[in-house]
Amino acid sequence: MWCQRLLQTLRPVSTSRQTGLLFDVDGVLLRGGAVIPAAQRAFQKLLDRNDNFRFPIVFVTNAGNCHRHHKAQQLSHLLNIQKVMSMEQLRQNHPQLDMVDHNRRPTLPSSSLPTLPKIEVIILFGEPVRWETNLQLLVDVLLTNGSPGCEHTQVSSGHLPVLACNMDLTWMAEAPSPRFGHGMFLLCLESVYRKLTGQDLQYQALLGKPSLLTYQYAEHLLRLQNHNHTLTTIYAVGDNLMTDIYGANLYNRYLAQQSAMETSSKLFAKAAGSQLTMAEELVSTASQCHSILVCTGVYNPHSILSSDQSSSITETELHGHRDLVLEPDLVAPNHVVEDVEAAVDLVLQQEAL
């Protein structure tokens, strides 16, 4: 609730600034439903004497933050189609496909159920509640080319377009150790698909942090808060090396070499083509993006990794998504601090405020 109230109160800063701030939410401001105490102190420091924010601020989270049926309704409105189907709707119309939970076995004959239109694209937003059901039905859709009520066919080449958001393998809630995230579910889906077909699951696009498009849009929102004035420096605060830090550093590289956008985007192997087309509408004007890693979430300075070990980081230790190319400099934060309050103190010091 605290975070929701904070989001509702964000408004343009009283005077334009050359600096903007990006904050992750889980592990930086919240642990599950609990507010991290340092977050409240940090945001008090970001207010001026008139209770206006000193800097433009945008929250950049990979969490879905809404129920699936609300997301389906939102997509129907945005895309001007009224044929968006949730996994629960798919299960209800094909109850014979979900055989794991005996308490949910079908009681009506399948002939009495309405016929659904062919599925043409799969969009994955976040980790589901029933993994076994969602894995089964997604594979059914993929192996029947969008007609899950039919028999599986041999995959020769290609499958329906798949778009995925949120590649976080783990995230930080109230538990003492990180919890499985959507990236873990994607890993399971990729493994099942490859085991059954002998081929890799291909993504039409990978969205959310650490993609360039996410940071371009975040900068666009910062500029709107900044009375449409150009920003020079962006500080990105997060707790995850492979999403927050990788993404901020990738964006910093892009800002330094905007003319080489196509080369930079190859780090997002399969997603590059669609991102470039959309990103052309978002012009980046900032000069640099500094990454700040906090120790209140996924990152633990006392675990395998520490801030001075980037040269020996391995792909296994980082738990990055399959399509992310591991580059040690992209997961090396510009600053490592204890919590978000220390991150704000650092920004205030750097900006001489």
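Report follows, based on the coordinates. (Residues numbered from 1 in each chain as written. Predicted model: local features only at pLDDT ≥ 70, side-chain atom pairs only at ≥ 80, totals over all residues. Heavy atoms only, no water.)

## Topic: the sheet that holds strand β5 (residues 122–124)
Worth spelling out the cut-off: A pair of strands counts as paired when DSSP detects no fewer than two bridges linking them. Numbering of helices and strands runs from the N terminus, with a helix taken as a DSSP run of H or I at least four residues long and a strand as a DSSP run of E at least two residues long. Axes, fitted as lines to C-alpha atoms, cover a helix only where it is in contact. Angles between the N-to-C directions of the axes lie from 0 to 180 degrees.
Taken in spatial order, the three strands line up as β5-β6-β9 in an open sheet, and their pairing is parallel. Because the sheet does not close on itself, it has two edges, and the strands there are β5 and β9 (205–207). On average, each strand axis in the sheet is inclined to that of its neighbour by 15°, with strand direction left out of account. In this sheet, strand β6 (residues 162–165) lies alongside β5 in parallel orientation, the contact comprising three bridges. The partner of Ile123 across the bridge, within β6, is Leu163.

## Digging into the pairing of β6
Just so we agree on the cut-off: Handedness of a crossover is defined as follows: orient the strands so they point away from the viewer, and if the path from the first strand over the helix to the second runs clockwise, the crossover is right-handed.
Taking the sense of rotation as the criterion, the β-α-β connection linking β5, helix α5 (residues 131–143) and β6 turns out right-handed. In this sheet, β9 lies alongside β6 in parallel orientation, the contact comprising three bridges. Counted as the bridge partner of Cys165 is Leu207 from β9.

## What to know about the packing of helix α2 (residues 37–45) against helix α12 (residues 340–350)
Defined as follows: Angles below 35 degrees are treated as roughly parallel, those above 145 as roughly antiparallel, those between 65 and 115 as roughly perpendicular, and all remaining angles as oblique. For a crossing to be left-handed, the near helix must be turned anticlockwise from the far one by less than a right angle; the clockwise case is right-handed. Any two residues whose heavy atoms approach within 4.5 Å are treated as being in contact.
At a minimum axis distance of 7 Å, the contact between α2 and α12 shows a crossing angle of 20°. When the interaxial angle is binned, α2 and α12 end up roughly parallel. Helix-helix and strand crossings are classified by hand; for α2 and α12 the assignment is left-handed. Along its contact with α2, which presents Ala38, Ala39, Arg41, Ala42 and Lys45, the element α12 presents Val340, Glu341, Val344, Asp345 and Leu348.

## Things to note about the sheet that holds strand β12 (residues 335–337)
Read from one edge of the open sheet, five strands run β4-β1-β10-β11-β12, paired in parallel fashion. Of all the strands in the sheet, the pair left with one neighbour each is β4 (57–59) and β12. The sheet shows a mean angle of 20° between the axes of neighbouring strands, direction not considered. Bridge analysis of strand β11 (residues 288–294) against β12 gives three bridges, and the strand direction is parallel. Paired with Leu293 across the two strands is Val336, which belongs to β12. Running at roughly 165° to β11, helix α8 (residues 241–256) makes contact with β10 (233–238) and β11 of the sheet.

## Brief notes about the pattern of salt bridges
Close approach of charged atoms lets side chains of opposite charge pair. As a reminder, the rule being used: Salt bridges are defined by distance alone: a side-chain nitrogen of Lys or Arg within 4 Å of a carboxyl oxygen of Asp or Glu. Exposed residues in this analysis have more than 50% of their type's maximum accessible area, buried residues have under 20%, and partly exposed residues fall in between, with area computed by a 1.4 Å probe over protein chains only.
Counted under the stated rule, the structure contains nine salt bridges. Between Lys209 and Asp24 there is a salt bridge, and its shortest N-O distance comes to 2.9 Å. One end of the pair, Lys209, is in the loop between β9 and α7 (212–225); the other, Asp24, is in the loop between β1 (19–23) and β2 (30–31), and 185 residues separate them in sequence. Accessibility assignment for this pair places Lys209 and Asp24 in one class, buried. Among the salt bridges present, the one from Glu341 reaches Arg41, with a minimum N-O distance of 2.8 Å.

## Quick look at the packing of aromatic side chains
What counts here: Aromatic pairs are defined between Phe, Tyr and Trp rings, using the six-membered ring for Trp, whenever the two ring centres lie within 6.5 Å; interplanar angles under 30 degrees are classed as stacked, those over 60 as edge-to-face, and all others as tilted.
Scanning all chains against the criterion turns up eight aromatic pairs. Here Trp131 and Phe185 contribute two aromatic rings whose centre-to-centre distance is 5.3 Å and whose plane-to-plane angle is 85°, an arrangement assigned as edge-to-face. Pair noted here: Trp131 is in helix α5 and Phe185 is in helix α6 (residues 182–197), with a separation of 54 residues, a long-range link.

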